[in-house]
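Summary of the model geometry
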There are 2 protein chains.
Amino acid sequence: MSDLKLSSIPSANRSDCDFPLNNLPYGVFSTGGSERLCGVAIGDFILDATRLEADGILRASDTREVMTEGVWNSFMTLGKATWASYRDSLTKLLSSDADPERLQPYLMPLSEAILYMPLRVSEFTDFYASHHHATNVGTMFRGTENALPPNWLHMPIGYNGRASSVVVSETPVIRPRGQVKELQEATPRVAASGRFDFELELGAIVGQPSDGPIGVAEAFENIFGYVLLNDWSARDIQAWEYQPLGPFQSKATATTISPWIVTAEALEPFRTATPNREVPLLPYLQDPDPMLYDVSLEVGLAPEGYKETTLTRTNARELYYSAAQQLAHHASSGCPMRVGDLLGSGTISGPKQGSQGSLLELSWGGEQPVSLATGETRAFLMDGDTVTFRGHASGNGYRIGFGTCRGKILAAGH
Amino acid sequence: MSDLKLSSIPSANRSDCDFPLNNLPYGVFSTGGSERLCGVAIGDFILDATRLEADGILRASDTREVMTEGVWNSFMTLGKATWASYRDSLTKLLSSDADPERLQPYLMPLSEAILYMPLRVSEFTDFYASHHHATNVGTMFRGTENALPPNWLHMPIGYNGRASSVVVSETPVIRPRGQVKELQEATPRVAASGRFDFELELGAIVGQPSDGPIGVAEAFENIFGYVLLNDWSARDIQAWEYQPLGPFQSKATATTISPWIVTAEALEPFRTATPNREVPLLPYLQDPDPMLYDVSLEVGLAPEGYKETTLTRTNARELYYSAAQQLAHHASSGCPMRVGDLLGSGTISGPKQGSQGSLLELSWGGEQPVSLATGETRAFLMDGDTVTFRGHASGNGYRIGFGTCRGKILAAGH
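Because the structure is predicted, anything quoted here is derived from the model rather than measured.

**Observations concerning the overall build of chain A**
For chain A, the count of helices and strands is 9 helices and 26 strands. Here the C-alpha atoms of chain A give a radius of gyration of 21 Å, agreeing with the 22 Å that 2.2 N^0.38 yields for 414 residues. Referenced to the eigenvectors of the C-alpha coordinate spread, the extents of chain A come out at roughly 70 × 50 × 35 Å. Residues counted as buried form 62% of the 414 residues belonging to chain A. Taken as a whole, chain A presents about 14,700 Å² of accessible surface, with 50% of it coming from carbon and sulfur. With 32 positive and 47 negative side-chain charges, chain A shows a spacing of 3 Å between the two charge centroids.

**Thoughts on the interface of chain B and chain A**
Every contact between the two is made by 53 residues of chain B and, on the other side, 53 residues of chain A. Summed over both partners, the interface of chain B with chain A buries about 4,600 Å², with 58% contributed by carbon and sulfur atoms. By the criterion of area lost to chain A, the three top residues of chain B are Arg162(B), Leu245(B) and Phe248(B), representing 18% of everything that side buries. For the pair chain B and chain A, the interface holds 4 salt bridges. Between Asp341(A) and Arg162(B) there is a salt bridge, and its shortest N-O distance comes to 2.7 Å.

**Brief notes about the relation of the copies chain B and chain A**
With an axial shift of 0.0 Å and an RMSD of 0.0 Å, the rotation relating chain B to chain A amounts to 180°. Here the symmetry operator amounts to a two-fold rotation axis. Taking the C-alpha atom as reference, chain B places Gly246(B) closest to the rotation axis, 2.1 Å from it. Looking at the interface residues of chain B, 100% of them are also at the interface in chain A, so both copies use one shared face.

**Here we look at the packing of aromatic side chains**
Residue and element names in this part refer to chain B. A full pass over the atoms with the stated rule returns 36 aromatic pairs over all chains. Between Trp83 and Phe224, the aromatic rings sit 4.9 Å apart at their centres with planes inclined by 75°, giving edge-to-face as the arrangement. Of the two residues, Trp83 sits in helix H3 (residues 80-94) while Phe224 sits in strand S14 (residues 223-230), which places them 141 residues apart along the sequence. When the ring of Phe141 is compared with that of Tyr242, the centres are 5.6 Å apart and the planes differ by 70°; the resulting orientation is edge-to-face. Of this pair, Phe141 sits in helix H4 (residues 131-142) while Tyr242 sits in the loop between helix H6 (235-241) and strand S16 (255-257), and the two are 101 residues apart along the sequence. On the basis of relative accessible area, Phe141 is assigned to the partly exposed category, the value being 24%.

**Some thoughts on H4(B)**
Side chains of residues three or four places apart in an α-helix project in the same direction, reflecting 3.6 residues per turn. Residue and element names in this part refer to chain B. With 12 residues, H4 extends 16 Å between its outermost C-alpha atoms, agreeing within 8% with the 16 Å of an ideal straight helix rising 1.5 Å per residue. Taken together, the buried positions of H4 are occupied by His131, His133, Ala134, Asn136, Val137 and Gly138. Among the structural elements, helix H9 (359-362) are those in contact with the buried residues of H4.

**Points about the nonpolar core**
Core analysis: the biggest nonpolar cluster contains 79 residues, and Phe198(B), Tyr226(B), Trp232(B), Leu267(B), Leu359(B) and Leu381(B) have the highest contact counts within it. Discounting residues that sit within four places of it in the chain, Leu359(B) has contacts with Asp197(B), Phe198(B), Leu301(B), Leu311(B), Trp364(B), Val370(B), Arg378(B), Ala379(B), Phe380(B) and Leu381(B). Formed by 77 residues, the second largest nonpolar core is a distinct cluster that contains Ala204(A), Phe270(A), Ala328(A) and Met337(A).

**What to know about the sheet that holds strand S3 (residues 45-48) of chain B**
Residues and elements named next belong to chain B. Taken together, 5 strands build an open sheet; the order of strands is S4-S3-S2-S1-S5 and the sheet is antiparallel. What marks the edges here is a single partner per strand, and that holds for strand S4 (107-109) and strand S5 (114-116). Averaged over all adjacent pairs, the angle separating strand axes in this sheet is 45°, with direction ignored. Taken together, the 3 bridges between S3 and S4 define a ladder with antiparallel strand orientation. Its bridge partner being in S4, Leu47 is matched across the sheet by Leu107. Sheet strands touched by H3: strand S1 (26-30), strand S2 (37-42) and S3. Its angle to S1, the strand with the most contacts, is close to 65°.

**Notes on unusual backbone geometry**
All names here are of chain A. Between Gln243 and the following residue, Pro244, the backbone shows a cis peptide bond with an omega angle of 5°. Structurally, the position occupied by Pro244 is in the loop between helix H6 (235-241) and strand S16 (255-257). Here the phi dihedral of Leu24 falls at roughly 55°; this positive angle occurs in a residue that is not glycine. With respect to the element layout, Leu24 can be found in the segment before strand S1 (26-30). In this structure Leu24 comes out as buried when scored by relative accessible area, which is 0%.

**So, the side chain of Gln249(A)**
If you trace the backbone, Gln249(A) turns up in the loop between H6 and S16. For Gln249(A), a relative accessible area of 2% puts it in the buried group. A polar contact of 3.1 Å, which involves the side chain of Gln249(A), links it to the backbone oxygen of His330(B). Contact partners of Gln249(A), with chain neighbours within four places excluded, come to Ile237(A), Glu241(A), His329(B), His330(B), Ala331(B), Ser332(B), Ser333(B) and Cys335(B).

**A look at the pattern of salt bridges**
Residues and elements named next belong to chain A. Tallied over the full model, the rule gives 47 salt bridges over all chains. Residues Asp383 and Arg175 are paired through a salt bridge, measuring 2.8 Å at the closest nitrogen-oxygen approach. Of this pair, Asp383 sits in the loop between strand S24 (377-378) and strand S25 (386-394) while Arg175 sits in the loop between strand S9 (173-174) and strand S10 (177-180); the two residues are 208 residues apart in sequence, bridging distant segments of the chain. Looking at Asp383, the relative accessible area reads 39%, which means it is partly exposed.

**Comments concerning the pairing of strand S6 (residues 124-127) of chain B**
Residue and element names in this part refer to chain B. What you see with S6 is no split at all: Phe124 and Asp126 on one side and Thr125 and Phe127 on the other are buried throughout. Summarising the sheet, S6 and strand S22 (residues 342-344) pair through 3 bridges and their orientation is parallel. Across the sheet, Thr125 pairs through a bridge with Leu343, a residue of S22. Sheet analysis places S6 next to strand S7 (residues 158-160), joined by 3 bridges and oriented antiparallel. Paired with Asp126 across the strands is Tyr159, a residue of S7.

**Notes on the environment of Lys5(A)**
Residue and element names in this part refer to chain A. On the secondary structure map, Lys5 appears in the segment before S1. Under the relative-accessibility criterion, Lys5 is labelled partly exposed at 36%. On a C-alpha basis, the gap between Lys5 and Thr91 in space is 8.9 Å, while along the polypeptide they are 86 residues apart. In contact with Lys5, not counting residues within four places along its chain, are Asn13, Leu21, Asn22 and Thr91.

**With respect to the side chain of His392(B)**
Residue and element names in this part refer to chain B. Within the secondary structure, His392 sits in strand S25 (residues 386-394). Relative accessible area serves as the criterion here: at 19%, His392 is assigned to the buried category. Discounting residues that sit within four places of it in the chain, His392 has contacts with Asp18, Val295, Ser296, Arg399, Ile400, Gly401 and Phe402.

**With respect to the state of the cysteines**
Applying the stated rule across the entire model yields 0 disulfides over all chains. Looking at Cys17(B), it has no disulfide partner, and the nearest cysteine sulfur is the one in Cys405(B), 19 Å off. Overall, Cys17(B) belongs to the buried group, its relative accessible area being 2%. Not part of a disulfide, Cys405(B) finds its nearest cysteine sulfur in Cys335(A), a span of 18 Å.

**A short note on the pairing of S25(A)**
Along any regular strand the residues' side chains alternate between the sheet's two faces. Residues and elements named next belong to chain A. Across the 9 residues of S25, 7 count as buried, placing the element largely inside the fold. Pairing geometry for strand S20 (residues 296-302) and S25, over 7 bridges, is antiparallel. Note on S25: the bridge partner recorded for Leu301 is Val387. Where S25 and strand S26 (residues 399-410) come together, 8 bridges link them in antiparallel fashion. In the strand pairing of S26, Thr388 is matched with Arg406. In this antiparallel pair of consecutive strands, S25 and S26, the connection spans 4 residues, and Gly397 shows a positive phi of 80°.

Each value, and the rule that gives it
- Residues numbered from 1 in each chain as written.
- Chains lettered and ligands numbered in written order.
- Predicted model: local features only at pLDDT ≥ 70, side-chain atom pairs only at ≥ 80, totals over all residues.
- Heavy atoms only, no water.
- Helix = DSSP H or I, 4+ residues; strand = E, 2+ residues; numbered from the N terminus.
- Rg over C-alpha atoms; globule rule 2.2 N^0.38 Å.
- Buried < 20%, exposed > 50% of the residue type's maximum accessible area, 1.4 Å probe, protein only.
- Areas by Shrake-Rupley, 256 points an atom, 1.4 Å probe, with all protein chains shown as cover.
- Lys, Arg positive; Asp, Glu negative; His and termini not counted.
- Charge placed at Lys NZ, Arg CZ, Asp CG, Glu CD.
- Contact = heavy atoms within 4.5 Å.
- Buried area = accessible area lost by both parts, 1.4 Å probe.
- Salt bridge = Lys/Arg side-chain N within 4 Å of Asp/Glu carboxyl O.
- Least-squares fit on C-alpha atoms with pLDDT ≥ 70 in both.
- Phe/Tyr/Trp six-rings, centres within 6.5 Å; stacked < 30°, edge-to-face > 60°.
- Expected span 1.5 Å × (residues − 1).
- Core = buried A, V, L, I, M, F, W, Y, C linked by side-chain atoms within 4.5 Å.
- Pairing = 2+ DSSP bridges.
- Axes fitted to C-alpha atoms, helices over the stretch in contact; angles between N-to-C directions.
- Polar contact = N/O pair within 3.5 Å; in protein donor to acceptor, adjacent residues only side chain to side chain.
- Disulfide = S-S within 2.5 Å.

Shown next as C-alpha cells:
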C-alpha cells in the first residue's frame, strides 16, 4: 500500500480529498469563457495544462501542442512513455518541494469551473462483466434455468453502443419515449419509459490504437485510464426490442461519465486479480497479472428537493472480466481499436442486497421497491430524481477519487 | 421515368455507363500522390472537386473550403439546399451545352485513380429490414416457429456496429479467428471462421445531424446518399456469441462499402413504396411518401484465378423498412445522430432461390452448396474468393450506377 505524496496545495493533502498528488486525473474545463481547456485536478483546484503548454512551462511533446483541442485525445496518441514522463513532471511541479508561487496563475478553483467531456469518444462499447449482475438480470428476463447465457463464462460478451449519446456528469437526462409492450398487450405502443434505470459501471478509455488481434497484456498497456459510467437504461423498451440483435434504443438516450480520467498509472497500486475462473478461459483471454482494481463504488439517489439516500455500495473487484480482457476480446476478430474508444465494464453488482448496480436488481424487477430516507420508495427512476455515482481507491492516508458522475431525470418530451 | 441528360464527356452518354450526368456520385481519390481529393464520377473520368474549389471555379460555400479534408463530411454539413445548388452547378459544368475545354485540367481517367473512403464514418448501425432474409435466418437459427422475432413487424430492429472496421471497396478482408462451438462440443475453441459470409446491403449516409426524435419525413431529408455495403459475417462466431446481446465480433472484421456516394437526389426518380404492411405501423414509423428505391442488385463470386459466377440477383425494393424509417427509429429514444453516420439496410433477399443476399441463405446454412461456373461449389467463402456487388437504377436510356463493392478473402492469421 503506497503512501500519500505531499503537495504544495494544502487541500490535496487531506485524507478525504479525491484528488491528491497521487491521483492527477485529466479533465476539460472552462471558467465561463467559450474556450475549453485541458486541466488536472489537484485538491480543490484545477491546474490549467493548456496554458502551461502554451507558455512553454510543461509540454508533453517537443514537436507539437496537444492541449489545444479541448480534449485529451491528442495527448493520448503520444503513447505510454509520454504519459509517464508527463505525469512525472506534473508530480514534481505540484510536490511540496516545489515553489507554489510559480503555479498560482495556472490554478483555478474547482468550484468555479464548468467541466466538459474529457475526451472525444471514438466509439462506445458496453460489456456485461459482473457475474452477479448477469445472473440477476438473466433470471428476471429469461428465468433461473437460462439466467447465465452459455457463452458468459467463456468470453466477456458485449455490444456496441452509441458514442454520440455519451455525455459528461451534470448533463440532464430526458426520459426516453419508445416502443413498449406488456405481456398481456397484443401490440406495442409508444410511451415514456416507465422503467428507467441507472447502471453502475467503470469506463475504460483506450489510449493507443491497435489493428488486429492483441493479447491481454498488450491490451492492458493500451488503456489510458478510467471513469465512472452510468449507462442509463429503459428496461421496458429493452425487454421488447433486445431479441435477437441486442439492446439498441433502450441504451441510446444517454450514457453519463465522470469528468476526470483517472489514469491507469494512478490506479497501479490498487490492482487486484479477477475472481477464480469457474471454467478455464481460452488462452487469448488469460490474464498474466492482476488487472482489476480495488475501487469502492456507491450510488446515491435524491428526489427533487430532497437529500440523497445511498442505495448501493459495491466494488469494481466484483467484475469477472477486466477491461484488458474485454479489449483483447474486442480486437480478436481483427476489429481496429482507436484512441478514444470507451469500454463500459457492464453493471457492477456485488452478491448482497444493497450491493447491486441497478434499480432493476435492487427492486427485483420492480417487485420490491427500495426505501428512501424521505419515506418514499423507488422501483425505477422518477422525474426529478438525481442519481450520483462516487468511487475511490483507498491508499495509506489518501484516496484516488473519481469525483462524481451525476445526472438528473427530466420528464419525457411529447 | 426520366431521360438521359447529355454530357460533354462522351463516355457518360453510353446507356450502360454507371456514371452519366444524371448520377454525379461523390468519391475520394488520388492519382498516386499522398493527397486525397474529393471527386465526382462522370463517364470514364473523375472530376477533381477539390481543385475546382481551390481554383475558385466551383465552390460549395462562399465562406470556407469544404473539400480540403479528403472526405465529403464538411460538404454534407452545409445542408440540403447547398447539396442541390452544388449539384445544379456540376450539372451545368458537365452538360453537353458547356465548353469541355475548360474542364480538361480537372478530369482524371477513372482507371488510373486509387479510390478511398468517401466519408469519415461517425458511427455505423446495421439493420435487419428484409422480410425474406429475417425469415430465412430466423428459421435456421431459431426454427420455423420463432423465425420472425415478435418485434420485427413493429419496428426496424438493428444493432450498433463498428465504424472503425468500415473499409472501401478493393480492401482485402482477412478471415477472422474467433470463438466457435459446435453443438456437440462441450466447450468453445478458437478457430478461423469456417462459415465466413457476405451480406448484400445498401448503406444510407446521414448528412444532417439531429438531436432528439425526428419524423420519417425529416429523416428522409437528412439522408445524403447511398452506397453498396457488404457486412462480412462469421456465422459460426455469430451463432455462439449473439445471445443475448446481439452480434459483436462476428461482424467486426470488416464492412466494405462502394467508393461512390450516390446522392438521394440522383435516386429521386426511382423512389418506390415499401411493401404492404402486414400489421399497421405506429405513427412515428409511417412513411408519408414512397421512400424505398428501385435499385437492381447483384452479387458475383470469383475463386482465385477464375472468372466470376453471379450468385444473386435482387432489388432494394424488397426491403420492408426504408432507411428513413430506420433513421427515425434510431433517433426515437433521443439518440443524437451525426453527419457521417452510416446505416446498413440489413441483408436484402428476395423471395426466390438465387435472390438471397447471403451464402447462409443461398446454401441454406451450408446444407445445399451453390454451384459455380468453375464446377466448384460454395457453402461459405473460401480463401482467395473475391466477392463483388453491383447495383443500378434504370432510367430511360441511362442508369444510375453504384460502381462496384468488392473484397477478396485472405487466409486467417495465426
